[in-house]
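Structural overview
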Amino acid sequence: MRAARILLAIKTRRDERRAHGGAMPLVPAASISGRALVTVIAIMTFLAGLTAGAAQLVASASSDWRSSVATEITIQVRPVGGRPVDPDVARAAGLARATEGVESVRAYTREESERLLEPWLGTGLAFDELPIPRLIVVKLKDGQTADLAGLRKALSDQVRNAVLDDHRVWVQRLATMAQTIVVIALCVLALVLVATALAVAFATRGAMAGNRDIIEVLHFVGASDGYIADEFQSHFLRLGFEGGALGGGAAVLFFIVARAATAAWTATPGGDQIEALFGSFALGWAGYLSVVVVAIFTALLTGLVSRGTVRRTLRTIA
Amino acid sequence: MVRFENVGLRYGMGPEILRDLSFSIEPRSFQFLTGPSGAGKTTLLRLILLSLRPTRGLIGLFGHDVSRLDKDTLTGLRRRMGVVFQDFRLLDHLTLYENVALPLRVQGKDESSYRAEVTEFLRWVGLGERIHAFPPVLSGGEKQRAAIARALIVKPDLLLADEPTGNLDPSLARRLLRLFMELNRLGTAVVIATHDIALMDQHDDARRLVLGEGRLHIYE
């Protein structure tokens, strides 16, 4: 057991030496506090990475909800005075097709309109006597502003029993809800980042506490303050990147697995619900980038806190 | 080389533990700093080493008033001094060779330029066979000699040693004293803090700085 420990210590020192191009690092790399710090950084980076990715996911999903509702409008043609409604439907559809920014127009047939009511009224009823309105679904072109005001005016002039519904109320409600969700997600991300910064800062200072002797010795053998600060900063930066890579990598892996899982569940009721809420868990490059940025942020923070601690310690020595 | 003028030191609002110290250490001189335990020998060495600032008085080091110097200049002055700590202060994760080479390494020197010299120094203090050993497996005497080698490797103008023979048997203590005297002959001023009267008696010619009740008495 003792022999194994000594062999492990020799191997660790050889690895450290190799990593430093032959010279042993002045700050011991494989200390217990160093391992604990890497673990704290990895966990906090993972949580912050998940939050950043989730915020990104929610933002893009809410944008999808809005755009899918906002790119569709409906024209409702009501039967009036017992005369046939088909000519009015055809005229309204024609006006819609002629409007700028419209991609496609689809008028529901009488049978299709009746089928829409079946969930509420049941099947087997005679709809002939009912004044069932007919629907025309108009899809708008992406990225273009359709002349809805012109269409509304044309309809009121030429097809007086037609009503244009541009879902504005729904879009506004969805927009408000989506913005609220994004703001909440950003607030949670900010809180997690602050918690990460504090946890990493305190863990770094804790790990530094065991190194005061080394700082003092380096100071008394003639090392400049900048040299000592650089040694510690590069050591802790390395620990930061190690922990950041572990935590960030785990967060990225989580999103990849989550995406694969939702893809596998597609067409099941649960899978459809998740997809309706979060899309296909496709994070996109911006999402993955945010995870990487969080990992780099924690690594840089670790290096900077260690530098600050060294400077403070040196001020107490001399 | 070192000049103290009416230097006093107190910690916080406490009483002055060193009072009106006025003395100088000349180049190539050899002196023992002695006094009872708790008299302030280590504190005085720390004042010379610039790790403590006096609460009053003036300290001059290598011709500079230390209160007016910037950090880079202070680092430069520190490099002209070698120090042997009472508790050795070796870095446990470095080998003896790396510990002794530390003062040269932190100056940015290339290892190939000092490898032979460090090895020679370790042989000189009797640690030639333990170059690759780590401090935790060494005896107190071996650690002491490694600490001395580390202090001397930069060939300092001034050597400060705090109880350097405290962990050594009498024969090894005599050998190390001869080493300090040889270094002194080569041009280094030496200050050895000790309360080992037998050690001081072996070098009768040395100046004695005796600390007692916060004041310094000098016997040339």
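Residues numbered from 1 in each chain as written. Chains lettered and ligands numbered in written order. Predicted model: local features only at pLDDT ≥ 70, side-chain atom pairs only at ≥ 80, totals over all residues. Heavy atoms only, no water.

Looking at the nonpolar core
Phe232(A), Phe4(B), Leu44(B) and Leu158(B) are the most contacted members of the largest nonpolar core, which has 67 residues in total. Here this core takes six residues from helix H6 (residues 168–209) of chain A, the largest share from any one element. Here Leu44(B) is in contact with Phe4(B), Leu18(B), Leu21(B), Phe23(B), Leu33(B), Leu211(B) and Leu216(B), once residues within four sequence places are set aside. By size, the runner-up hydrophobic cluster in this structure holds 41 residues, among which are Phe30(B), Leu122(B), Leu168(B) and Met200(B). (Core = buried A, V, L, I, M, F, W, Y, C linked by side-chain atoms within 4.5 Å. Buried < 20%, exposed > 50% of the residue type's maximum accessible area, 1.4 Å probe, protein only. Helix = DSSP H or I, 4+ residues; strand = E, 2+ residues; numbered from the N terminus. Contact = heavy atoms within 4.5 Å.)

A short note on the pattern of salt bridges
Counted according to the given criterion, the structure contains 23 salt bridges over all chains. Here Glu111(B) ties to Arg115(B) by a salt bridge, and the two come within 3.4 Å at their closest N and O atoms. Taken as a pair, Glu111(B) and Arg115(B) lie in helix H4 (residues 111–124) at a separation of four residues, close to a single helical turn. Judged by relative accessible area, Glu111(B) falls into the partly exposed class, the value being 32%. Here the salt bridges share partners, and the residues they tie into one network are Arg212(A), Glu216(A), Asp87(B) and Arg89(B). (Salt bridge = Lys/Arg side-chain N within 4 Å of Asp/Glu carboxyl O.)

Focus: the interface of chain B and chain A
Taken together, the contact between chain B and chain A spans 22 residues of the former and 22 residues of the latter. Carbon and sulfur atoms make up 60% of the area that chain B and chain A hide from each other, which totals about 2,100 Å². Looking only at chain B, the three residues that lose the most surface to chain A are His93(B), Arg105(B) and Val106(B), adding up to 28% of its buried area. Joining chain B to chain A, the criterion identifies two salt bridges. Arg89(B) is paired through a salt bridge with Glu216(A); the nearest N and O atoms lie 2.7 Å apart. Run the count over chain B and chain A and you get six residue pairs in polar contact (both at pLDDT 80 or more). Of all the elements in the fold, those that place two or more residues in the side of chain B that touches chain A are helix H2 (71–78) and helix H3 (96–105) of chain B. Looking at the side of chain B that touches chain A, the element that brings in the most residues is H3(B), giving four residues. A breakdown of the residues in the side of chain B that touches chain A according to their chemical character gives ten nonpolar, four polar and eight charged. (Buried area = accessible area lost by both parts, 1.4 Å probe. Polar contact = N/O pair within 3.5 Å; in protein donor to acceptor, adjacent residues only side chain to side chain. Nonpolar A, V, L, I, M, F, W, Y, C, P; charged D, E, K, R; others polar.)

Focus on the pairing of strand E2 (residues 16–25) of chain B
Residue and element names in this part refer to chain B. For strand E1 (residues 2–10) and E2, the ladder comprises six bridges, and the chain directions are antiparallel. When the bridges of E2 are listed, Val2 appears paired with Ile25. Between E1 and E2, which pair antiparallel one after the other, the connecting turn spans five residues, and Gly12 there sits at a positive phi close to 60°. (Pairing = 2+ DSSP bridges.)

Some remarks on unusual backbone geometry
Residue and element names in this part refer to chain B. The phi dihedral of Phe62 falls on the positive side, at around 50°, and the residue is not glycine. Here Phe62 is to be found in the loop between strand E4 (56–61) and strand E5 (64–65). A relative accessible area of 12% means that Phe62 is categorised as buried. Here Phe88, not a glycine, exhibits a phi torsion of approximately 70°, which is positive. Structurally, Phe88 can be placed in the loop between strand E6 (81–84) and H3.

Observations regarding the packing of aromatic side chains
In the structure shown here, the tally under the stated rule is five aromatic pairs over all chains. With a centroid separation of 5.5 Å and an interplanar angle of 80°, the aromatic rings of Phe254(A) and Phe255(A) are classed as edge-to-face. Owing to a relative accessible area of 39%, Phe254(A) belongs among the partly exposed residues under this scheme. Plain terms: the ring middles of Phe121(B) and Trp124(B) are 5.5 Å apart, the flat faces sit at 80° to each other, and that makes the pair edge-to-face. In this pair, Phe121(B) and Trp124(B) are both assigned in helix H4, three residues apart and thus about one turn of the helix distant. Judged by relative accessible area, Trp124(B) falls into the partly exposed class, the value being 29%. In this structure, Arg89(B) is placed above the aromatic ring of Phe85(B), and the distance from its NZ or CZ to the ring centre is 4.9 Å. (Phe/Tyr/Trp six-rings, centres within 6.5 Å; stacked < 30°, edge-to-face > 60°. Lys NZ or Arg CZ within 6 Å of the ring centre and 35° of its normal.)

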